[in-house]
Amino acid sequence: MESESESGATADTPPLETLSFHGDEEIIEVVELDPGPPDPADDLAQEMEDVDFEEEEEEEGNEEGWVLEPQEGVVGSMEGPDDSEVTFALHSASVFCVSLDPKTNTLAVTGGEDDKAFVWRLSDGELLFECAGHKDSVTCAGFSHDSTLVATGDMSGLLKVWQVDTKEEVWSFEAGDLEWMEWHSRAPVLLAGTADGNTWMWKVPNGDCKTFQGPNCPATCGRVLPDGKRAVVGYEDGTIRVWDLKQGNSIHVLKGTEGHQGPLTCVATNQDGSLILTGSVDCQAKVVSATTGKVVGVFRPETVASQPNLGEGEESESNSVESLGFCSVMPLAAVGYLDGTLAIYDLSTQTLRHQCQHQSGIVQLLWEAGTAVVYTCSLDGIVRLWDARTGRLLTDYRGHTAEILDFALSKDASLVVTTSGDHKAKVFCVQRPDR
């Protein structure tokens, strides 16, 4: 079945020139003042008023030394091997999410099952402030593109935004049950998907809002494309939609055989935004052209590994795609499966290049920028680094006593920050002899 456009729009939709937000009683239209030469990196900047997109010079990382001795909320040692440099231990239940501030990579925000979120310093685990007021598990947290704002979202759909320097709450909103949340890469604009099928977009902190209505089922995952003008959203019914963030219409809709045969679990885009990679509980990963909306490749696991370490009376879980991503320096894609398989696919030949087996299910994977190294975290509580060119395990990092639920990688790949079911977040210093 061919890709559809519910609005009749095509891939040749003209470039974004205005961005409208709907308030309670009015429509605020922000108009580009000087068209100038078309520069995708500047388009959204010209479309939204009161937003300063001027890029500041990258700040140097925190040069303080590691603090290894225990402090309040910081654990210096644990029973068994612990490769971490710092442990943040102020959460009282499973820690579900982590994000690093993109400007300096010196701060982390974590959210957990204890209905709490904290902003803290990576170098020594010192708490900067608590993002208070949530009444359900905090499952999403992240910093804005310029690190001035931090957003937290809980399962009930309560979203809050805080000014990092003043530590004050500047915006909040109650949406439906939250599925995912992401900041725009160039603007103080927050997007989120909810269980009612809507994708929301807010300008923060004034709260101007726009919604993108999907099918009558949860919007399970989403990602803003690198051009900042489109977003790809996956849904529980297996459909995929590429949205025009200005017009509010779907540019491409993939459903039926073009979509997935089960709920979407994850989406990713390559560096220039020309390709989209989608994953689902149907065990398939699909490569989609962002320009045409056509499926240009499908990856399926060649073998399904048996579920390891099943206790008496436990049933084997069905396999699914849990995480995926594109390599930035080679035509490779990585797909992580619940059965513990890390598959490295060659995009040019659409063939399986390497299959790397874990002892338990993969939770998330991340590619190191500028290299062919892929990081994985899994239910066995271990972070592993793999050379995607050879399929060889480079090293691993241990220290958690329960499953890792999320992790983040610093821009220079010197730090890995993990969160776990053991109620802790950990900072690992990555040392690789091949650097």
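For every chain, the first residue of the written sequence is number 1, and numbering continues from 1 along that sequence. Since the coordinates come from a predicted model, pLDDT governs what is reported: local features require at least 70, and pairs of side-chain atoms require 80 or more to be given and counted, while whole-chain, interface and lining totals use all residues. As a rule here, side-chain values cover all heavy atoms of the structure and leave hydrogens and water aside.

Another point: the pattern of salt bridges. Note on definitions: salt bridges are taken to be side-chain nitrogens of Lys or Arg within 4 Å of carboxyl oxygens of Asp or Glu. Tallying each qualifying case throughout the model produces eleven salt bridges. Salt-bridge contacts for Asp 396 lead to Arg 398; the nearest nitrogen and oxygen are separated by 3.3 Å. Through salt bridges that share partners, Arg 121, Asp 124 and Glu 126 make up one connected network.

What makes two strands pair is DSSP finding at least two bridges between them. Labels follow the DSSP assignment, with helices taken as runs of H or I lasting at least four residues and strands as runs of E lasting at least two, numbered in each case from the N terminus. In spatial order, the strands read β28-β29-β30-β31; together these four strands make up an open sheet with antiparallel pairing. Of all strands in the sheet, those with a lone pairing partner are β28 (362-367) and β31 (392-397), marking the two edges. With direction set aside, neighbouring strand axes in the sheet form an average angle of 25 degrees. Sheet analysis places strand β29 (residues 373-378) next to strand β30 (residues 383-387), joined by five bridges and oriented antiparallel. Following the sheet pairing, Val 374 is matched in β30 by Trp 386. Structural elements are reduced to axes, namely lines fitted to C-alpha atoms, with helices fitted over the stretch in contact, and the angle between N-to-C directions of any two is expressed from 0 to 180 degrees.

Our next topic: the UniProt feature "repeat: WD" (unreviewed entry) in the chain. Within the UniProt annotation, "repeat: WD" (unreviewed entry) is assigned to residues 88-130, 131-172, 226-253, 257-298, 355-396 and 397-435. Annotated as 0% helix and 54% strand, the span residues 226-253 places its first and last C-alpha atoms 19 Å apart. UniProt positions are given in the numbering used here, feature names are shortened, and annotations may be inferred rather than shown by experiment.

Our focus in this paragraph is the side chain of Gln 284. Within the fold, Gln 284 resides in the loop between β21 (275-280) and β22 (285-289). By definition, residues are in contact when any of their heavy atoms lie within 4.5 Å. In this view, Gln 284 contacts His 260, Thr 278, Gly 279, Val 298, Phe 299, Arg 300 and Val 321; residues no more than four positions away in its chain are not counted.

The next point concerns the packing of aromatic side chains. What counts as a ring pair is set by centres within 6.5 Å for rings of Phe, Tyr and Trp (its six-membered ring), and what kind of pair is set by the plane angle: stacked under 30 degrees, edge-to-face over 60, tilted for all other angles. Inspection of the entire model under this criterion finds eleven aromatic pairs. Relative to Tyr 345, the ring of Phe 299 has its centre 4.2 Å away and its plane inclined at 5 degrees; by these criteria the two rings are stacked. Of this pair, Phe 299 sits in strand β23 (residues 295-299) while Tyr 345 sits in strand β26 (residues 341-346), and the two are 46 residues apart along the sequence. On the basis of relative accessible area, Phe 299 is assigned to the buried category, the value being 2%. When a residue's accessible area, from a 1.4 Å probe over protein chains only, is under 20% of the maximum for its type it is buried; when over 50% it is exposed; and in between it is partly exposed.

Bringing the nonpolar core into the picture now. Residues belong to one nonpolar core when they are buried, are Ala, Val, Leu, Ile, Met, Phe, Trp, Tyr or Cys, and are joined through side-chain atoms within 4.5 Å. Core analysis: the biggest nonpolar cluster contains 16 residues, and Leu 159, Val 161, Leu 190, Trp 202 and Val 204 have the highest contact counts within it. Within the residue set of this core, elements represented by two or more residues are β9 (149-154), β10 (158-163), β12 (178-183), β13 (189-194) and β14 (198-203). With three residues, β12 is the largest single contributor of residues to this core. One finds Ala 268, Phe 299, Val 321 and Val 335 within the second-largest nonpolar core, a separate group that totals 15 residues.

Turning to the environment of His 145, a few remarks are in order. The residue His 145 is located in the loop between β8 (138-143) and β9 in this model. Residue His 145 is classed as partly exposed on the basis of its relative accessible area, which comes to 21%. In this structure the C-alpha to C-alpha distance between His 145 and Val 189, which are 44 residues apart in sequence, comes to 9.3 Å. Ignoring sequence-local partners within four residues, the contact set of His 145 consists of Pro 102, Lys 103, His 184, Ser 185, Arg 186, Ala 187 and Pro 188. In terms of polar contacts, His 145 uses its side chain to reach the backbone carbonyl oxygen of Arg 186, at 3.3 Å. Polar contact is defined as a pair of N or O atoms within 3.5 Å, subject to the rule that within protein one atom must be able to donate a hydrogen and the other to accept it, and that residues adjacent in sequence are counted only when both atoms are side-chain atoms.

Turning our eyes to something else, we now look at the pairing of β8. Burial runs high along β8: five of the six residues are buried. Looking at chain direction, β8 and β9 are connected through five bridges and run antiparallel. Paired with Gly 142 across the bridge in β9 is Ala 151. As consecutive antiparallel partners, β8 and β9 are separated by five residues, and within that stretch Ser 147 has a phi angle of approximately 65 degrees, a positive value.

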